[in-house]
Amino acid sequence: MDTFYAIPFTVLEIPRLRLKKPSWVQTPSPMFMFIVVMISYFLVTAGIIYDVIIEPPSIGQTTDDYGHPKPVAFLPYRVNGQYIMEGLAASFLFSLGGMGFVILDKTNQPLMPRFNRIMLLFIGFISIILSFFVCRLFMGMKLPGYLRG
Amino acid sequence: MAASFLSYLPASQMSHEKKSTLLTLMILTIAAILSFLIRLFSVLRFESVIHEFDPYFNYRTTRFLVDNGYYDFHNWFDDRAWYPLGRIIGGTIYPGLMITSTILYNLLHSLNITIDIRNVCVFLAPLFSSLTSIVTYHLTKELWSTGAGLVAASLIAIVPGYISRSVAGSYDNEGIAIFCMLLTYTLWIKAVKRGSVAWATACAVAYFYMVSSWGGYVFLINLIPMHVFALIVTGRFNVKVYVSYCTVYCLGTVMSMQIPFVGFQPIQSSEHMAAFGVFGLCQIVGFYQYAASKLSKEELNLLSRFVISATVVVSLVVAMALQLSGKIAPWTGRFYSLLDPSYAKNNIPIIASVSEHQPTAWSSFYFDLQLLVFMFPVGLYHCFANLTTENIFIILYGVTSIYFAGVMVRLMLVLAPVMCILASIGLNKTMTSFMKNLESTNKETPQPKKRADNSYSVKNEVAMAVVAMITLFLTTYVFHCTWVTSEAYSSPSIVLAARGGSDGSRMIFDDFREAYYWMRQNTEEDAKIMSWWDYGYQITAMANRTILVDNNTWNNTHISRVGQAMSSTEDKAYEIMQELDVDYVLVIFGGMVGYSSDDINKFLWMVRIGGSTDRGTHIHEKDYYTPSGEFRVDREGSPTLLNCLMYKLCYYKFGNVYTDANKPMGYDRVRNVEIGNKDFELDVLEEAYTTQHWLVRIYKVKPMSNRGI
């Protein structure tokens, strides 16, 4: 059987190459992949695909009673429509809220300097609570009847 | 005192295992009942009626299947749609939904519970959502733990992203497809963890059920091979994965080809090639691992060099030959637009015009998922921190469905289950790790040793704060989901309701059914109706008349011809109507009551689609705008627009009515302008019927005059 597998190599000569895989190429660690996934989550939930296809303005504009132009942050009355800035702001809050929970998980390690633990707890709680309630606020600004029937 | 009373209750006598089983059963039952009940808003507010457009087609085919049996259904050629082309219904639908309803209907009737087929269809989706809740529990239990499973079942019972396509009355493929998809995934994970042929066969059967129910099965047949490929790349490929994937791929592909609509696609189209490629790769990797365990190093090197060079040469030749001879079809329009979202916008106006196919904005994510968008990264983090064979699957599912949901808002439906699963993993891990920190108040356990960890003195208080915060979040989630379901996703679309009139009472607009029933009773049996494709399914199901184009939109040229007729002047349109044998024309007009999804708002799509084929090259979209580029129907409007057939049919005799006491006659309440062309007469059509609120207007096509001019 060995002679059969060796047949092509009676005709073909294997070149003597000194190829080495470069040392900096290695399978990425799970946490590196997590960071890549988080960046893509931030971009997708910001509605980047919506921005590229529909090309909305970055901020809306309306004129007030005196004729002066006023900026409008949120595209009102439409659930599936946005301006670019509001999408980025909202998705930043989504990611911040998620990271707050991750930070909170890290505070349970047994041996940690007291200052570090208090700092992590503080950042974690603030991230979660802030992002959650500000997102509710954003939704209320976008849909004027939100949670009021 | 309280403790002694509690000790008399049977619950406290039970062992820990019995208590947990009871709790699990109770929570699952409550979740299943809840998922059924929350979808009943529109049945309670209106009646048990089929919603929207597509469900009417499914309802009509189910009625046909119940009345005529499976063989007639399989061979059904429908000559009442797409006149004069007809449609081979037996070969162009996914029959799973209809067959499920018919089996349920026959089962109930055999028990003498004579529920009408309409009610079976209306309540099928909520029933399957209860089953989805239970299947999600099993899937998450396999992936993580029982606690996470219970949280996932509760979250998915009320998540708005899933409710939107499965309310009572929304009788569409997605109602059962999500259940089939999650069932297939559960059985796949069970098979991969155990490596048993029995579970893998069950997975293949569930996959067959999935293929029969929805075109989105392509997602499954690409995700499972992607999972296997990820396992190969990360070095977790073993004999269990090999056995599971080979069984699932072979049996699943053969079974999926039994559906006439799928046919030979699994071995011909590019969308299925990834599965085939991974199948081949599995064999190679499996063989390599086997050979490595049996051969010495030099023998292995020789063998692998030979096999690699032979495989590369053969596969390149075969792939080139198949590609050049056209046997392998490239990715089709709908699926290609998922990879390149701008493709539909630039090339296929019909796909671009459907509002469900628009990309997703941030507010749709938050509206449909609320708390889950925050917990999704947490669940992902914990899965990445504890990588196992099954966690890699759920990570891949989550990442791919986030991308697809971002491209098309309709696919939020596919994202909702994985959001629930990953969020439940995040919530469960957070809660368990913090509840461990809570101090037990039970006096019977011995006092814990002095905490070795003096740096964390507020452990108990922090844990209580975290638990309270998560409870608050879950409560707001429930309120949000109920509000969203009640306000946004429970409208039947065929019946409209509004608060209006002098006393602010609720007004019901039942114009659509009024018009369809008028048509059913007052037109000839073989009358042909021309309308825009949105209303096709409803006309065939309720009015039982032949139509030209419907929501299946399989023939772009035919739809384009109808678009040309609507965009042209009356005499040009008359030629097209004579060519297509049209007897009646139906338009939807919302200017009287302020209904904004009417045909004038859809008109630009008719122009675009009408102008996109070769017989419509004389139609240019810019002719219908004012010189300054606006779309206006008042005096400033473009003359082409003010004289086209659609304008005339919508605004015929509208110039003589007052819609509002403060406004002039002919004031359009949707466009908020007074219309430009008021006094005109129709030459080739005559008004046949206008409904009570002018929503539906039907015109009869006059026959050609006896003495031609």
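Before any of the text, the structure's been laid out above.
Residues numbered from 1 in each chain as written. Chains lettered and ligands numbered in written order. Predicted model: local features only at pLDDT ≥ 70, side-chain atom pairs only at ≥ 80, totals over all residues. Heavy atoms only, no water.

Novice: So what exactly am I meant to see when it comes to the overall build of chain A here?
Specialist: A count of helical and extended segments in chain A gives six helices and two strands. Going from the N terminus to the C terminus, chain A shows its helices and strands as α-α-α-α-β-β-α-α. In summary, chain A has a C-alpha radius of gyration of 27 Å against a globular reference of 15 Å for 149 residues, an excess of more than 25%. Here chain A holds 149 residues, and 34% of them are scored as buried. Across chain A, every contact between residues at least 6 apart in sequence was considered, and the portion connecting residues at least 24 apart equals 59%. Surface exposure of chain A reaches about 9,700 Å², of which carbon and sulfur atoms provide 70%. (Helix = DSSP H or I, 4+ residues; strand = E, 2+ residues; numbered from the N terminus. Rg over C-alpha atoms; globule rule 2.2 N^0.38 Å. Buried < 20%, exposed > 50% of the residue type's maximum accessible area, 1.4 Å probe, protein only. Contact = heavy atoms within 4.5 Å. Areas by Shrake-Rupley, 256 points an atom, 1.4 Å probe, with all protein chains shown as cover.)

Novice: Mind showing me how you'd approach the pairing of strand β11 (residues 696-701) of chain B here?
Specialist: Strand residues, when the strand is regular, have side chains that alternate between the two faces of the sheet. All names here are of chain B. Burial within β11 is extensive, with five of its six residues counted as buried. With five bridges connecting them, strand β7 (residues 584-588) and β11 associate as antiparallel partners. Of the residues in β11, the one forming a bridge with Leu586 is Ile698. Taken together, the five bridges between strand β10 (residues 685-690) and β11 define a ladder with antiparallel strand orientation. Bridging from a neighbouring strand, Leu685 pairs with Val701 of β11. (Pairing = 2+ DSSP bridges.)

Novice: In this structure, what is going on with the interface of chain A and chain B? I would like to understand it.
Specialist: Accessible area lost when the parts come together is the quantity often used to give the size of an interface. At the junction of the two partners, chain A supplies 63 residues and chain B supplies 60 residues. Here chain A meets chain B over a buried area of about 5,300 Å², counting both sides, of which 75% is carbon and sulfur. If you look at where chain A meets chain B, you find zero salt bridges. Here chain A is connected to chain B by 10 residue pairs in polar contact (both at pLDDT 80 or more). Listed by contribution, the elements that provide at least two residues to the side of chain A that touches chain B are α1 (2-5), α2 (8-11), α3 (30-45), α4 (48-54), α5 (84-106) and α6 (114-142) of chain A. (Buried area = accessible area lost by both parts, 1.4 Å probe. Salt bridge = Lys/Arg side-chain N within 4 Å of Asp/Glu carboxyl O. Polar contact = N/O pair within 3.5 Å; in protein donor to acceptor, adjacent residues only side chain to side chain.)

Novice: Help me understand the packing of aromatic side chains, please; the structure alone is not making it clear to me.
Specialist: The description of two aromatic rings rests on the distance between their centres and on the angle between their planes. Going through the model one piece at a time under the given rule, you end up with 44 aromatic pairs over all chains. Between B:Tyr70 and B:Tyr71, the aromatic rings sit 6.3 Å apart at their centres with planes inclined by 65°, giving edge-to-face as the arrangement. For B:Tyr71, a relative accessible area of 66% translates into the label exposed. Through successive ring pairs, a cluster of aromatic residues spans A:Phe94, A:Phe132, A:Phe133, B:Tyr366, B:Phe374 and B:Phe473. Above the plane of the ring of B:Tyr83 lies B:Lys528, whose end atom (NZ or CZ) is 4.8 Å from the centre. The side chain of B:Lys663 reaches across the aromatic face of B:Tyr667, ending 5.0 Å from its centre. (Phe/Tyr/Trp six-rings, centres within 6.5 Å; stacked < 30°, edge-to-face > 60°. Lys NZ or Arg CZ within 6 Å of the ring centre and 35° of its normal.)

Novice: So what exactly am I meant to see when it comes to the sheet that holds strand β6 (residues 546-547) of chain B here?
Specialist: Each strand in a sheet pairs with another by means of backbone hydrogen bonds, the pair being arranged parallel or else antiparallel. Residues and elements named next belong to chain B. Reading across from one edge, β6-β5-β7-β11-β10 is the order of the five strands in this open sheet, with mixed pairing throughout. The sheet is open, and its two edges are formed by β6 and β10, each paired on a single side. Relative to β11, helix α28 (residues 570-579) is tilted by about 75°, and along the sheet it contacts β5 (528-530), β7, β10 and β11. (Axes fitted to C-alpha atoms, helices over the stretch in contact; angles between N-to-C directions.)

Novice: Quick question: what am I supposed to make of helix α16 (residues 297-324) of chain B here?
Specialist: The periodicity of an α-helix, 3.6 residues per turn, causes residues three or four positions apart to be oriented the same way. An ideal rise of 1.5 Å per residue puts 40 Å on 28 residues; α16(B) measures up with 40 Å between its terminal C-alpha atoms. Buried positions along α16(B) lie against α1 and α2 of chain A together with α15 (273-294) of chain B. Remark: B:Gly326 follows α16(B) within two positions and exhibits a positive phi of approximately 75°. (Expected span 1.5 Å × (residues − 1).)

Geometry only, nothing functional implied.
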